[in-house]
Amino acid sequence: MDEFKLDENNVLLKEQYEKGDNYFIRNNSIGDKCYIFCSSNGIYYPNTQSEYEKTIMEEDRYEWWGVSNSDEIQASAKKIIYVRDIYKQYYVRGINSSINSIDELCKFLKIQTSNLKIVTCGISSGGYLATILGIYLQAECVFNFGGQWSLYEELRLAEKNNKLECSQYFLNKNRYNEKCNRYYNITFLLENNKIPIMYFYSALEDGDIKQVQILQESEMSNVYCFAMKSSAHGYTLFNSCYRKVLTCPLRDLTSIYSRCKNKIVSLRKMCFYLLDIHEAVKECVKDVLECHKSLQTIIRGIGRWK
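This section reports on the structure supplied with the text.

Rules and cut-offs
Residues numbered from 1 in each chain as written. Predicted model: local features only at pLDDT ≥ 70, side-chain atom pairs only at ≥ 80, totals over all residues. Heavy atoms only, no water. Helix = DSSP H or I, 4+ residues; strand = E, 2+ residues; numbered from the N terminus. Buried < 20%, exposed > 50% of the residue type's maximum accessible area, 1.4 Å probe, protein only. Contact = heavy atoms within 4.5 Å. Areas by Shrake-Rupley, 256 points an atom, 1.4 Å probe, with all protein chains shown as cover. Lys, Arg positive; Asp, Glu negative; His and termini not counted. Charge placed at Lys NZ, Arg CZ, Asp CG, Glu CD. Patch = residues over 30% accessible without salt bridge, like charges linked within 9 Å, V, L, I, M, F, W, Y side chains within 5 Å. Salt bridge = Lys/Arg side-chain N within 4 Å of Asp/Glu carboxyl O. Phe/Tyr/Trp six-rings, centres within 6.5 Å; stacked < 30°, edge-to-face > 60°. Lys NZ or Arg CZ within 6 Å of the ring centre and 35° of its normal. Axes fitted to C-alpha atoms, helices over the stretch in contact; angles between N-to-C directions. Parallel < 35°, antiparallel > 145°, perpendicular 65-115°, else oblique. Left-handed = near helix turned anticlockwise from the far one by under 90°. Nonpolar A, V, L, I, M, F, W, Y, C, P; charged D, E, K, R; others polar. Arc of directions from axis to C-beta. 1 Å grid on protein atoms, 1.4 Å probe; cavity = no way out; pocket = protein on both sides within 12 Å on 5 of 7 lines; lining within 4 Å. Points joined across faces, edges and corners; volume = space filled by probe spheres on them.

As for the overall build of the protein chain
Here comes step 1: Secondary structure assignment for the protein chain yields 16 helices and eight strands.
Here comes step 2: Over its C-alpha atoms, taken along the principal directions, the protein chain stretches across nearly 65 × 45 × 45 Å.
Here comes step 3: Looking at the 306 residues of the protein chain, the share that counts as buried comes to 54%.
Here comes step 4: Contacts in the protein chain between residues far apart in sequence, at least 24 positions, make up 74% of those at least 6 positions apart.
Here comes step 5: Accessible surface, the protein chain as shown: approximately 15000 Å² in total, 49% of it carbon and sulfur.
Here comes step 6: Distance between charge centroids for the protein chain: 6 Å, based on 39 positive and 37 negative side chains.

Quick notes on a nonpolar patch on the surface
Here comes step 1: On the surface, Phe272, Ile277, Val281 and Val285 cluster together into a nonpolar patch covering about 350 Å² of accessible area.
Here comes step 2: Counting residues per element, the nonpolar patch draws most heavily on helix H15 (residues 277-291), which supplies three residues.
Here comes step 3: Within the secondary structure, Val285 sits in helix H15.
Here comes step 4: Overall, Val285 belongs to the partly exposed group, its relative accessible area being 44%.

Section: the packing of aromatic side chains
Here comes step 1: Applying the stated criterion to the full structure yields 26 aromatic pairs.
Here comes step 2: With a centroid separation of 6.4 Å and an interplanar angle of 15°, the aromatic rings of Phe143 and Phe145 are classed as stacked. Exposure class is identical for Phe143 and Phe145. Each is buried.
Here comes step 3: The ring of Trp65 carries Arg26 above its face, with NZ or CZ at 4.5 Å from the centroid.
Here comes step 4: Over the ring of Tyr62 we find Arg84, and its NZ or CZ is 4.2 Å from the ring centre.

Some details on the packing of helix H1 (residues 11-19) against helix H2 (residues 49-58)
Here comes step 1: Axis separation between H1 and H2 bottoms out at 11 Å; the angle between their running directions is 20°. Relative to H2, the element H1 is oriented roughly parallel. As for the relative orientation of H1 and H2, their crossing is left-handed in sense. Contacts from Leu12, Leu13 and Gln16 of H1 reach H2 at Gln49, Tyr52, Glu53, Ile56 and Met57.
Here comes step 2: The residue inventory of the contact of H1 with H2, partitioned by class, reads five nonpolar, two polar and one charged.

Side note on helix H5 (residues 102-112)
Here comes step 1: Of the residues making up H5, those classed as buried are Ile102, Leu105, Cys106, Phe108 and Leu109. Seen along its axis, H5 keeps its buried residues to an arc of 165°; they face one direction.
Here comes step 2: Turning to H5, the residues buried within the fold contact strand E1 (23-27), strand E2 (33-38), strand E3 (77-83) and helix H6 (125-136).

Describing empty space enclosed by the protein
Here comes step 1: Counted by the stated rule, this structure contains one cavity of 30 Å³ or more.
Here comes step 2: Taken together, Tyr90, Tyr91, Val92, Ser101, Ile102, Tyr128, Leu151, Lys179, Cys180, Tyr183 and Tyr184 make up the lining of the largest cavity.

Quick notes on the layout of surface pockets
Here comes step 1: Taken as a whole, the largest pocket spans an internal volume of roughly 930 Å³.
Here comes step 2: In terms of lining residues, the largest pocket is bounded by 31 residues, among which Asn41, Tyr90, Glu154, Ser167 and Gln168 are the most central.
Here comes step 3: Looking at the lining of the largest pocket, the elements that each hand over two or more residues are helix H7 (151-160), helix H8 (164-167) and helix H11 (206-216).
Here comes step 4: Among the residues forming the lining of the largest pocket, the class breakdown is nine nonpolar, 14 polar and eight charged.
Here comes step 5: Taken as a whole, the second largest pocket holds about 250 Å³ of empty space.
Here comes step 6: The wall of the second largest pocket is formed by 15 residues, among which Tyr201, Gln216, Cys225, Ala227 and Asn262 lie closest to the centre.
Here comes step 7: Those elements that provide at least two residues to the lining of the second largest pocket are H11, strand E7 (223-228) and helix H13 (250-260).
Here comes step 8: A total of four residues in the lining of the second largest pocket trace back to one element, the largest contributor, which is H11.
Here comes step 9: A per-class count over the lining of the second largest pocket returns ten nonpolar, three polar and two charged.

Set out below in structure tokens:
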């Protein structure tokens with residue numbers, strides 16, 4: 001496998017970082033909101049040259065494209081902004097050679113979102129960034145799906161698994177750089193925070209559990225924690241639910257939270273909170289079929305006898 005390192009010697013990454021924007025802006029004629037979608041470290045996977053070339057150079061991929069094309073998002077979005085970190089290291093170097101830090105990205109997006117209501121969103125490292133941006137930009141709401149609160153924990157795991165040099169090079173290199181490391185633990189941003197943060201995490205996944213423990217050691221001002229019954233990092237909702245939760249009125253979200261507080265909630269149950277009854281049933285049936293391949297085989301067999 002042509003695995004390549006995510007470091008300063010990677011020519012392909014360096015060229016894209018220096019010459020590419022690594023953001024994309026869509027303008028609509030209706031609505032009064034700006035949705036900022038932050039791509040995760042899974043923007044391309046695995047870490048191979050072939051996968052990078054296909055995903056970034058050929059497809060020019062940004063996460064959340066499908067969700068943002070939904071009728072619900074399009075009806076309320078005057079502007080949609082997508083950002084990505086091609087080095088896949090928690091935006092420690094920003095997104096390109098000009099917007100080369102999280103602080104510079106915040107300043108750039110402040111200009112781009114002037115006079116608009118803002119919603120930020122991301123999964124994992126994208127959720128981590130969405131929280132920083134949302135608080136800085138005074139967003140209406142932040143949607144953080146399994147985002148990290150402490151990158152020191154991520155460094156510890158990478159070091160334990162001998163992954164520092166190949167996957168967390170810049171994160172490790174800037175560990176003691178005050179310009180960058182102020183965001184290595186973002187719980188300080190929650191002190192007196194006024195922005196509602198909807199935090200969905202996988203309650204059965206070790207990494208998410210550790211991050212929640214770190215979060216709970218801080219002042220959790222306006223963080224609404226949804227503990228989802230999932231053992232997969234970043235898998236907290238069915239795909240069809242994202243367009244609904246991102247456009248759900250805040251009062252409805254807090255009402256759902258009051259029903260879920262201090263409980264581990266199944267993804268299927270959350271469907272019924274967010275979708276209409278017919279769509280929720282359809283999604284849950286689809287999930288059952290995907291979880292039980294043998295049942296699919298039986299149903300196909302029955303169909304042949306009709």
